[in-house]
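Breakdown of the fold
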Amino acid sequence: MTAQMIDGKAFAANVRAQVAQHVAALKADKGITPGLAVVLVGEDPASQVYVRSKGKQTVEVGMNSYEHRLPADTDAATLMQLIADLNADAAVHGILVQLPLPKHLDEDAVINAIDPAKDVDGFHISNVGLLGTGQKSMVPCTPLGCLMMLRDHLGDLSGMNAVVIGRSNIVGKPMAQLLLNDSCTVTIAHSRTKDLPEVVRRADIVVAAVGRPQMVPGDWIKPGATVIDVGINRIEAEDGKTRLVGDCDTDSCAAVAGAITPVPGGVGPMTIACLLANTLTACCRANGLEAPEGLTA
Ligand code: GUN
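All of the points below concern the structure found in this document.

Thresholds, definitions, all that
- The numbers attached to residues start from 1 for each chain and follow its sequence in the written order.
- Per-residue local features are limited, in this predicted model, to residues with pLDDT of at least 70; the limit for side-chain atom pairs, both in listing and counting, is 80 or more; totals at the level of whole chains, interfaces and linings are taken over all residues.
- Remark: hydrogens and water are excluded; side-chain values derive from all non-hydrogen atoms of the structure.
- Only DSSP runs of H or I reaching four residues or more are called helices, and only runs of E reaching two or more are called strands; each is numbered from the N terminus.
- Only C-alpha atoms enter the radius of gyration; for comparison, a globular chain is expected to reach 2.2 Å times N to the power 0.38, where N is the number of residues.
- Contacts are assigned to residue pairs with any non-hydrogen atoms lying within 4.5 Å of each other.
- Calculation of accessible area relied on Shrake-Rupley with a 1.4 Å probe; when residues are assessed, cover is drawn exclusively from the protein chains displayed.
- Positive charges come from Lys and Arg, negative ones from Asp and Glu, while His and the chain ends are left out of the count.
- Where a charge lies is defined by one atom per residue type, namely NZ (Lys), CZ (Arg), CG (Asp) and CD (Glu).
- Expected helix span is given by 1.5 Å per residue-to-residue step, counting one fewer step than there are residues.
- We call a residue buried when its accessible area falls under 20% of the maximum for its residue type, exposed when it is over 50%, and partly exposed in between, using a 1.4 Å probe and counting protein chains only.
- Here a polar contact means two N or O atoms within 3.5 Å. Within protein one must be a hydrogen donor candidate and the other an acceptor candidate, and residues neighboring in sequence count only if both atoms are side-chain atoms.
- The criterion for a residue being near a molecule or strand is simple. One of its heavy atoms has to lie within 4 Å of it.
- Under this grouping Gly is polar, as are all residues other than the nonpolar Ala, Val, Leu, Ile, Met, Phe, Trp, Tyr, Cys and Pro and the charged Asp, Glu, Lys and Arg.
- Whenever a pair of cysteine sulfur atoms sits within 2.5 Å, that pair is classed as a disulfide.
- DSSP bridges decide pairing: two strands pair if at least two such bridges lie between them.
- The convention used is that axes are lines fitted to C-alpha atoms, helices contributing only their stretch in contact, and that angles between N-to-C directions extend from 0 to 180 degrees.

1. Observations regarding the overall build of the chain
On a plain count of helices and strands, the chain comes out with ten helices and eleven strands. Taking 297 residues into account, the globule formula puts the C-alpha radius of gyration at 19 Å, and the chain, at 19 Å, falls close to it. Judged by the C-alpha coordinates and their principal axes, the chain covers about 50 × 40 × 35 Å. The long-range fraction of contacts in the chain, counting pairs at least 24 apart against all pairs at least 6 apart in sequence, stands at 69%. Carbon and sulfur atoms provide 51% of the accessible area of the chain, an area that totals close to 13500 Å². Here the chain holds 24 positive side-chain charges and 32 negative ones, and the gap between their average locations is 2 Å.

2. Side note on helix α1 (residues 8-30)
In an α-helix, one turn spans 3.6 residues; hence positions three or four apart end up facing the same way. Relative to the 33 Å expected for 23 residues at 1.5 Å per residue, α1 spans 32 Å between its end C-alpha atoms, a close match to the ideal helical length. Along α1, the positions that sit buried rather than exposed are G8, F11, A12, V15, V19, V23 and L26. One side-chain oxygen of the residue at the start of α1 lies 3.1 Å from the amide nitrogen of K9, identifying that residue as D7.

3. Some points on the site of the ligand
Every residue lining the ligand is accounted for by L96, V97, Q98, L99, D121 and F123. Here a nitrogen atom of the ligand sits 3.2 Å away from a polar atom, N or O, in the side chain of Q98. The backbone of L99 places a nitrogen or oxygen atom 2.8 Å from a nitrogen atom of the ligand. Tallied by class, residues from the shell around the ligand come to four nonpolar, one polar and one charged.

4. With respect to the state of the cysteines
One covalent bond between the sulfur atoms of two cysteine residues makes up a disulfide. By the definition in use, this model includes zero disulfides. Cysteine C146 remains unbridged, with the sulfur of C274 as its closest cysteine sulfur at 8.5 Å.

5. Description of the sheet that holds strand β2 (residues 35-41)
Through backbone hydrogen bonds, the strands of a sheet pair up, either in parallel or in antiparallel fashion. Spatial strand order, β3-β2-β4: three strands in an open sheet with parallel pairing. Two strands in the sheet have a free side with no partner beyond their single neighbour: β3 (64-70) and β4 (94-97). Direction aside, the axes of adjacent strands within the sheet are offset by 15° on average. Bridging between β2 and β4 involves four bridges; their strand directions are parallel.

Laid out in structure tokens, this is it:
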């Protein structure tokens, strides 16, 4: 079997187009423009690239983008005051504090200072609890993007065996929760899992989110399974240059799987698209409107 490649780039463009359409309607019908505030503390190069990209795409779908860049030595009180101001600002519907924060700042305390209704990352303890109990919440962007692609490719996920490799708060745990809410039988595998290949071979759905280059080979994959590769790892290629690879060995997995997301161009583009979808959702809910179907969990 040769797997179908799931085109995350095209999928993300479609999500952005849907968001843009809803934003235009909100402006025309209600005079409301969704606004996203992104806070970056310090000069981490990768974070700067992400934040620039978020700002650009926010404006492209017709939303207002508010960027707050603070120096690396910003103290906790200053950052907390900014978050309090953004919580109180009616023009701001979504707040994202780019992680990682400099070491002297307590990430959990900062995330939990964000109004949960504006927590477009879905990292606030209230949103984690709401998701865990199957209630309406803000859902972390990367797992939301994976879920959208799985539903699109497979339809009803009910009864499927899903294995999530990785137990991070940002991807692994919320991904497992979303799959459980869609009635999958879910296993969370991690570095201490015994006989990982056998565990993965039982899966109709594999979500790999460990951050280890090409860790999952094709002979771990059940024939016809759907493989979602969340990894983005930079490795040195034979020609001395670097290239991006996922957590799965794409070529050998694609020879066995029914469908697989490539790296790059799979899950990656979906994260910012889902951030925009979450900002729209937060804006709708803040104004007593239902969030558009298909853009939430
Ligand atoms: N840093 C890397 N990924 C993310 C993300 O999804 N959200 C935030 N806030 N920071 C990140």
